[in-house]
Amino acid sequence: MIAIVGGGISGLALGWELQTRGVDFTIFEAGPRAGGVIRTGMVDGRVLDWGPQRIRLTQAMSRLISDVGLADEVVHAPAGLDLFVYRGGRLRAVPFTPGAFLTSDIVSLGAKLRLLLEPFTRGPDPEESVASFFERKIGPELYRTLVAPLYGGLYASDPAEMQVGLSLIHVLREFGIGRSLLLPLLRRGGRIHAPRACNFKEGMETLPRALASALGDRLELESPVEKLEPRGEDWSIQVAGREVRADAVVLTAPAPVTAGLLADAAPRSAEKLRQLRYNPLGVVHLDAETDLEGLGFQVAFTEDLFLRGVTFNDSLFGRPDVYTAYLGGARHPEVEGMGAEQLAEIAEDEFERCTGFEARTLSVEHERMPAWDSSWRALTDFELPDGIHVAANWWSRPGLPGRLAEAGRVAATLCDTVSVGSAAARRVSV
């Protein structure tokens with residue numbers, strides 16, 4: 001039996017993969033609901049999402065949505081919506097073709113000419129910062145205007161605190177990028193294609209709810225794992241007053257929780273996990289009557305705002321007047337200590353400054369994201385005891401498509417290395 005600790009999207013996706021392979025498993029989720037950071041609620045009659053605001057329809061994601069019976073629940077974002085960057089007092093559309101870039105006012109003529117030098121610059125150095133890499137490749141202005149908010153926004157991080165070898169090198173390899181960033185893009189016709197964005201009629205939590213339903217009693221809610229101990233070739237798991245024996249354990253919880261579980265079984269690894277930084281975010285849903293059309297906007301690093309970006313739920317998924325604002329991150333970690341009223345005031349003020357439209361707050365939440373910054377050096381030589389595996393967003397590529405890919409890899413590893421008979425979990429009263 002495989003024990004999966006954590007019923008967020010990583011644990012649910014892994015459970016789905018194991019179920020399709022006929023492998024016995026149980027997911028132990030400490031809370032009363034599955035889905036982790038993916039959470040949907042109704043406020044003033046509006047569907048609001050906390051955590052991810054949309055899914056990219058990769059092949060794997062499309063297949064999963066179909067397999068769990070959600071194809072008719074999908075709401076697709078309209079094609080051709082612009083993404084914007086706030087810089088110099090207004091929103092500017094991000095150009096996604098060479099022609100659009102040449103005619104855009106998003107950066108100066110000097111910054112555009114500087115880009116011509118990019119193919120002659122040296123390739124990535126795993127030891128340099130992400131900021132240093134992009135600044136020497138494409139120039140400071142283009143970096144601070146486009147790359148810093150767009151790439152850093154994925155992690156709510158400052159690329160100056162991120163290291164190429166820890167967070168960027170795998171992305172470059174995935175897209176076949178070696179020495180030059182520009183030449184591979186031009187060989188592909190100069191256009192950047194991303195899978196279509198979508199959500200669900202009843203919000204993002206529709207997906208984890210469907211997975212939880214499909215997994216049935218293999219998912220145990222309100223079942224916090226308290227301790228892990230080796231027992232010969234098995235693992236003993238203390239779960240809410242009982243013992244469960246498992247052939248292998250997969251940890252999908254956040255790094256601080258995982259560190260606590262490994263404190264006895266792997267103290268050195270637990271200490272490494274405690275060093276990983278998480279970036280604080282204030283997530284503020286706003287109600288605003290606007291004529292804005294697009295995916296949303298990010299704030300250029302030339303601007304000193306708490307606001308990092310805004311998602312236009314209104315034009316994306318037909319949720320009238322709903323906008324999701326993100327504040328703080330690595331550049332303003334003090335948001336962690338701010339109350340709801342202060343965050344709401346900042347979000348309303350800075351939204352109006354960026355867009356020209358007034359807004360009122362619908363909800364305020366505090367969230368934390370794995371930073372994937374230089375603290376990830378702590379995972380060098382990270383080791384786990386035999387029979388313990390990890391599938392979490394601090395371990396491999398973040399984002400929902402990344403979570404599905406990781407679930408597939410871990411499931412394949414388990415099938416290759418663990419005895420996965422169909423015997424039920426062995427529970428012993430304590």
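Above: the structure in question.
In this report, the structure presented in the accompanying data block is examined. Numbering of residues starts from 1 in each chain and follows the order in which that chain's sequence is written. Local features in this predicted model are restricted to residues whose pLDDT is 70 or higher, and side-chain atom pairs enter the listing and the counts only when it is 80 or higher, whereas totals over whole chains, interfaces and linings include all residues. Note: side-chain values were computed over all heavy atoms of the structure, leaving out hydrogens and water.

**Here's the deal with the overall build of the protein chain**
Okay, so step 1: A count of helical and extended segments in the protein chain gives 14 helices and 21 strands.
Okay, so step 2: Each radius of gyration reported is based on C-alpha atoms, and the globular scaling rule is 2.2 Å times the count of residues to the power 0.38. Radius of gyration (C-alpha) of the protein chain: 22 Å, near the 22 Å computed for a compact globule of 430 residues.
Okay, so step 3: If you line up the protein chain on its principal axes, its C-alpha atoms span 70 × 50 × 40 Å.
Okay, so step 4: By the convention used here, residues are in contact when the closest approach between their heavy atoms is within 4.5 Å. Long-range pairs, those at least 24 residues apart, make up 69% of the contacts in the protein chain between residues at least 6 apart in sequence.
Okay, so step 5: Across the protein chain, the 45 positively charged side chains and the 57 negatively charged ones have centroids separated by 7 Å. A run of DSSP states H or I qualifies as a helix once it reaches four residues; a run of E qualifies as a strand once it reaches two. Both are numbered from the N-terminal end. Residues counted as positive are Lys and Arg, residues counted as negative are Asp and Glu, and His and the chain ends are not counted. To locate a charge, take atom NZ for lysine, CZ for arginine, CG for aspartate or CD for glutamate.

**Re the sheet that holds strand β1 (residues 2-5)**
Okay, so step 1: Pairing within the open sheet is parallel, and its five strands lie in the order β10-β2-β1-β14-β20. Single-partner strands in this sheet number two, and they are β10 (219-220) and β20 (388-390).
Okay, so step 2: The pairing criterion is simple: DSSP has to find at least two bridges between the two strands. Note that β1 and strand β14 (residues 248-251) share four bridges and pair parallel. Directly across from Ala-3, in β14, lies its bridge partner Val-249.
Okay, so step 3: To obtain each axis, a line is fitted to C-alpha atoms, and for helices this fit is confined to the stretch in contact; angles are then taken between N-to-C directions over 0 to 180 degrees. Here helix α1 (residues 9-20) sits on the sheet in contact with β1, β2 (25-28), β10 and β14, set at roughly 170° to β2.

**A closer look at the pattern of salt bridges**
Okay, so step 1: Counted as salt bridges are all cases of a side-chain nitrogen of Lys or Arg within 4 Å of a carboxyl oxygen of Asp or Glu. Counted according to the given criterion, the structure contains 22 salt bridges.
Okay, so step 2: The salt bridge partner of Arg-39 is Glu-365, with a shortest N-O separation of 3.4 Å. Of this pair, Arg-39 sits in strand β3 (residues 39-43) while Glu-365 sits in strand β19 (residues 360-370), placing them 326 residues apart in sequence.
Okay, so step 3: Among the residues examined, Arg-39 registers a relative accessible area of 26% and is labelled partly exposed. Buried means the residue's accessible area, taken with a 1.4 Å probe over protein chains only, is under 20% of the maximum for its type, while exposed means over 50%, and partly exposed covers the values in between.

**Observations concerning empty space enclosed by the protein**
Okay, so step 1: Only protein atoms enter the 1 Å grid, on which a cavity is a set of points fitting a 1.4 Å probe that cannot get out and a pocket is an open set with protein on both sides within 12 Å along at least 5 of 7 lines, lining residues being those with an atom within 4 Å of a point. Grid points are joined across faces, edges and corners, and a volume is the space filled by probe spheres set on the points. According to the stated counting rule, one finds one cavity of 30 Å³ or more in the structure shown.
Okay, so step 2: As for the largest cavity, its lining consists of Pro-149, Val-299, Ala-300, Phe-301, Glu-303, Leu-305, Phe-306, Leu-307, Arg-308, Gly-328, Arg-331 and His-332.
Okay, so step 3: Ten residues, namely Ala, Val, Leu, Ile, Met, Phe, Trp, Tyr, Cys and Pro, are considered nonpolar, four, namely Asp, Glu, Lys and Arg, are considered charged, and the remaining ones, Gly among them, are considered polar. Here the residues of the lining of the largest cavity sort into seven nonpolar, two polar and three charged.

**Topic: the side chain of Arg-87**
Okay, so step 1: Among the secondary structure elements, Arg-87 is positioned in strand β7 (residues 83-87).
Okay, so step 2: One polar contact links Arg-87 to Glu-141, side chain to side chain, over a distance of 3.2 Å.
Okay, so step 3: Among all residues touching Arg-87, those that are not within four sequence positions of it are Arg-92, Ile-106, Val-107, Glu-141, Thr-145, Ala-300, Thr-302 and Glu-303. Any pair of N or O atoms that falls within 3.5 Å is considered a polar contact. Within protein, one atom must be able to donate a hydrogen and the other to accept it, and sequence-neighbouring residues count only if both atoms are side-chain atoms.

**Describing the packing of aromatic side chains**
Okay, so step 1: Only Phe, Tyr and Trp rings are paired, with Trp represented by its six-membered ring, and only when their centres lie within 6.5 Å; those with planes under 30 degrees apart are stacked, over 60 edge-to-face, the remainder tilted. Tallied over the entire structure, the rule returns ten aromatic pairs.
Okay, so step 2: Aromatic side chains Phe-133 and Phe-134 sit 5.0 Å apart centroid to centroid with 65° between the ring planes, which places their arrangement in the edge-to-face category. Of the two residues examined, Phe-133 and Phe-134, each falls in the buried class.
Okay, so step 3: Ring plane angle 65° and centroid distance 6.1 Å describe the contact between Phe-297 and Phe-312, whose orientation is recorded as edge-to-face. Here the residue Phe-297 occupies a position in strand β16 (residues 296-299), and Phe-312 occupies one in the loop between β17 (307-311) and α12 (313-317), the gap between them amounting to 15 residues. With respect to class, Phe-297 is no different from Phe-312; both count as buried.
Okay, so step 4: Taken together, Phe-133, Phe-134, Tyr-151 and Tyr-155 form an aromatic cluster joined through their ring pairs.
Okay, so step 5: In this structure, Arg-39 packs its charged tip against the face of Trp-50, placed 4.4 Å from the ring centre. Only Lys NZ and Arg CZ are tested; either one counts as a charge over a ring when it is within 6 Å of the ring centre and within 35 degrees of the ring normal.

**Here we look at a nonpolar patch on the surface**
Okay, so step 1: Each patch is built from residues that are more than 30% exposed by relative accessible area and take part in no salt bridge. Like charges join if they lie within 9 Å; nonpolar side chains (Val, Leu, Ile, Met, Phe, Trp, Tyr) join within 5 Å. Throughout, the Shrake-Rupley method with a 1.4 Å probe supplies accessible areas, and for residues the shown protein chains are the sole cover considered. Together, Leu-109, Leu-113 and Leu-116 make up a nonpolar patch on the protein surface, roughly 330 Å² of accessible area in all.
Okay, so step 2: Within the secondary structure, Leu-113 sits in helix α4 (residues 109-115).
Okay, so step 3: On the accessibility criterion, Leu-113 (49% relative accessible area) is partly exposed.

**What about the environment of Phe-25?**
Okay, so step 1: Within the secondary structure, Phe-25 sits in strand β2.
Okay, so step 2: The buried category is assigned to Phe-25, whose relative accessible area is 1%.
Okay, so step 3: Each residue touching Phe-25, except ones within four places of it in the same chain, is listed here: Met-1, Ile-2, Ile-4, Gly-15, Leu-18, Gln-19, Leu-215 and Arg-218.

**A look at the packing of helix α5 (residues 130-138) against helix α6 (residues 140-153)**
Any two packed helices are characterised by how steeply their axes cross, that is the angle between the axes, and by the distance between the axes.
Okay, so step 1: In contact at an axis separation of 8 Å, α5 and α6 are set at 140° when each is read in the N-to-C sense. With respect to α6, the element α5 is oriented oblique. Crossing angle aside, the handedness with which α5 passes α6 is right-handed. Facing α5, whose interface residues are Val-130, Ala-131, Phe-134, Glu-135 and Ile-138, α6 presents Pro-140, Leu-142, Tyr-143, Val-147 and Tyr-151. Should an angle fall under 35 degrees it is called roughly parallel, over 145 degrees roughly antiparallel, and 65 to 115 degrees roughly perpendicular, with every other angle called oblique. Two helices that cross are described as forming a left-handed crossing if the nearer one is turned anticlockwise from the farther one by less than a right angle, and a right-handed crossing if clockwise.

**Structural notes on α5**
Okay, so step 1: Burial analysis of α5 places seven of its nine residues in the buried class, which makes it a mostly covered element.
Okay, so step 2: Among the structural elements, α4, α6 and α7 (164-174) are those in contact with the buried residues of α5.
Okay, so step 3: Looking one or two residues beyond α5, the residue adopting positive phi is Gly-139, at roughly 95°.

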